[in-house]
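# Observations on chain architecture
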Amino acid sequence: MSEECDETEILALLDDEYARAILGETSAQPMSATELSDRCDASRSTIYRRIDRLTDCNLLEERMRYDPDGHHRSVYASRLEEVRVTFEEAEPVLAIERTETADEDVADRFTRMWEGL
Amino acid sequence: MIYGFTNLRLVILAASLVATLLGLVVGYQAYRGFRRHQSASMRQLSVGLLLLTAVSFTLAFVGTLLLRAEYLDPSLRDPLTLVVRLLQVAGLALITYSLYNRPD
């Protein structure tokens, strides 16, 4: 699993109210930055900063939404399903369950399934 | 009868071949899972499946042909069966190990 950020960064993100709000809203359905800005009552730049951090930690996935008129725009979907925090030798250890990505294929599902047994 | 194979033998051979191909498909996906996720347990699973299906089947098949053609001494029949069984045991042992060898 590629992880661009460490446990501290993820814990800090979960402590951040805007990051939490983004994860909450996008866990129900994918949303654009504009929609998130409205729903979370935050400026677009605040939303984009949180989106970048969440994406770096692989907790958020960017997707393309195609409108009927042919335009497309970025929407974001939460990948976070569950976080378990345990402590080993006084350090927090995170076990993170992520949801399937849009481009996940059979080998990825197989790995997740087998490792989850 | 084709090349000394009865129809029943041919059906058995076809079934073994299908089992081997399916084992190869699952083993290949496990190998891709290992490559994409650097997952040690997927590597053990793929090698285990390969030993259990393709390797043991190929050895049994080639061995039977050689025995039939009398390239191999008939006394080698049991040792050959033993080696095939041991390969299957090794394959299943690897798969079992991969189940218990949890990623961090």
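Structure: above.
A few words on the overall build of chain B. Along chain B, the regular secondary structure elements total three helices and zero strands. When the helices and strands of chain B are read in sequence order from the N terminus, they spell out α-α-α. For chain B, buried positions account for 29% of its 104 residues. Considering only contacts in chain B between residues 6 or more positions apart, those separated by 24 or more positions represent 68%. A total of about 6,900 Å² of accessible surface is found on chain B, and carbon and sulfur atoms cover 69% of it.

This brings us to the packing of helix α1 (residues 7–15) of chain A against helix α2 (residues 17–28) of chain A. Residues and elements named next belong to chain A. Between α1 and α2, the least distance of the axes is 5 Å, while the angle of their chain directions is 85°. In terms of orientation, α1 lies roughly perpendicular with respect to α2. Within the contact between the two elements, α1 uses Leu13, Leu14 and Asp15 and α2 uses Glu17, Ala19, Arg20 and Leu23.

Once that is clear, we can look at the interface of chain B and chain A. With 16 residues of chain B in contact, the opposing surface of chain A contributes eleven residues. Interface of chain B and chain A: buried area, both sides summed, is about 1,200 Å²; carbon and sulfur atoms make up 59% of it. Here chain B and chain A share three salt bridges between them. One salt bridge connects Asp105 of chain A with Arg32 of chain B, and the closest N-O pair in it is separated by 2.5 Å. Taken together, the connections running from chain B to chain A amount to five residue pairs in polar contact (both at pLDDT 80 or more). If you list the elements that add at least two residues to the side of chain B that touches chain A, you get α1 (7–37), α2 (40–68) and α3 (77–100) of chain B.

All names here are of chain B. Judged by side-chain polarity, Leu17, Leu21, Leu24, Leu50 and Val55 come together as a nonpolar surface patch covering roughly 390 Å² of accessible area. Counting residues per element, the ones that place at least two in the nonpolar patch are α1 and α2. Per element, the largest residue contribution to the nonpolar patch is three residues, and it comes from α1.

The subject of this paragraph is the side chain of Thr111 of chain A. Of note, Thr111 of chain A is situated in helix α5 (residues 106–116). Take Thr111 of chain A: its relative accessible area is 0%, and that puts it in the buried class. At a separation of 2.7 Å, a polar atom in the side chain of Thr111 of chain A contacts the main-chain carbonyl oxygen of Ala107 of chain A. The residues touching Thr111 of chain A, leaving out its near neighbours within four places in the chain, are Gly33, His37, Ser39 and Met42 of chain B.

This part is about the nonpolar core. Counting 21 residues, the largest nonpolar core has Ile10, Ile22, Leu36, Ile47, Ile51, Leu54 and Leu59 of chain A as its most contacted members. Of all the secondary-structure elements, those providing two or more residues to this core are α1, α2, α3 (33–40), α4 (44–56) and β4 (91–98) of chain A. Apart from residues lying up to four places away in sequence, Ile47 of chain A is in contact with Ile22, Ala33, Leu36, Ser37, Cys40 and Ala42 of chain A. If you look at the next biggest cluster of nonpolar residues, it comprises eight residues, including Trp114 of chain A together with Ala30, Phe34 and Ile95 of chain B.

Attention now moves to the packing of aromatic side chains. Residue and element names in this part refer to chain B. For the coordinates displayed, the defined rule picks out three aromatic pairs over all chains. Residues Tyr31 and Phe34 carry aromatic rings whose centres are separated by 6.0 Å and whose planes lie at 55° to one another, so their mutual orientation is tilted. Taken together, the positions of Tyr31 and Phe34, both in helix α1 and three residues apart, correspond to about one turn of that helix. The buried category is assigned to Phe34, whose relative accessible area is 14%. Taking 5.8 Å as the distance between ring centres and 10° as the angle between the ring planes, the aromatic pair formed by Phe57 and Phe61 counts as stacked. Placement of both Phe57 and Phe61 in helix α2 is noted, with a separation of four residues, approximately one turn of the helix.

Rules and cut-offs
- Residues numbered from 1 in each chain as written.
- Chains lettered and ligands numbered in written order.
- Predicted model: local features only at pLDDT ≥ 70, side-chain atom pairs only at ≥ 80, totals over all residues.
- Heavy atoms only, no water.
- Helix = DSSP H or I, 4+ residues; strand = E, 2+ residues; numbered from the N terminus.
- Buried < 20%, exposed > 50% of the residue type's maximum accessible area, 1.4 Å probe, protein only.
- Contact = heavy atoms within 4.5 Å.
- Areas by Shrake-Rupley, 256 points an atom, 1.4 Å probe, with all protein chains shown as cover.
- Axes fitted to C-alpha atoms, helices over the stretch in contact; angles between N-to-C directions.
- Parallel < 35°, antiparallel > 145°, perpendicular 65-115°, else oblique.
- Buried area = accessible area lost by both parts, 1.4 Å probe.
- Salt bridge = Lys/Arg side-chain N within 4 Å of Asp/Glu carboxyl O.
- Polar contact = N/O pair within 3.5 Å; in protein donor to acceptor, adjacent residues only side chain to side chain.
- Patch = residues over 30% accessible without salt bridge, like charges linked within 9 Å, V, L, I, M, F, W, Y side chains within 5 Å.
- Core = buried A, V, L, I, M, F, W, Y, C linked by side-chain atoms within 4.5 Å.
- Phe/Tyr/Trp six-rings, centres within 6.5 Å; stacked < 30°, edge-to-face > 60°.

None of this, on its own, says anything about what the molecule does.
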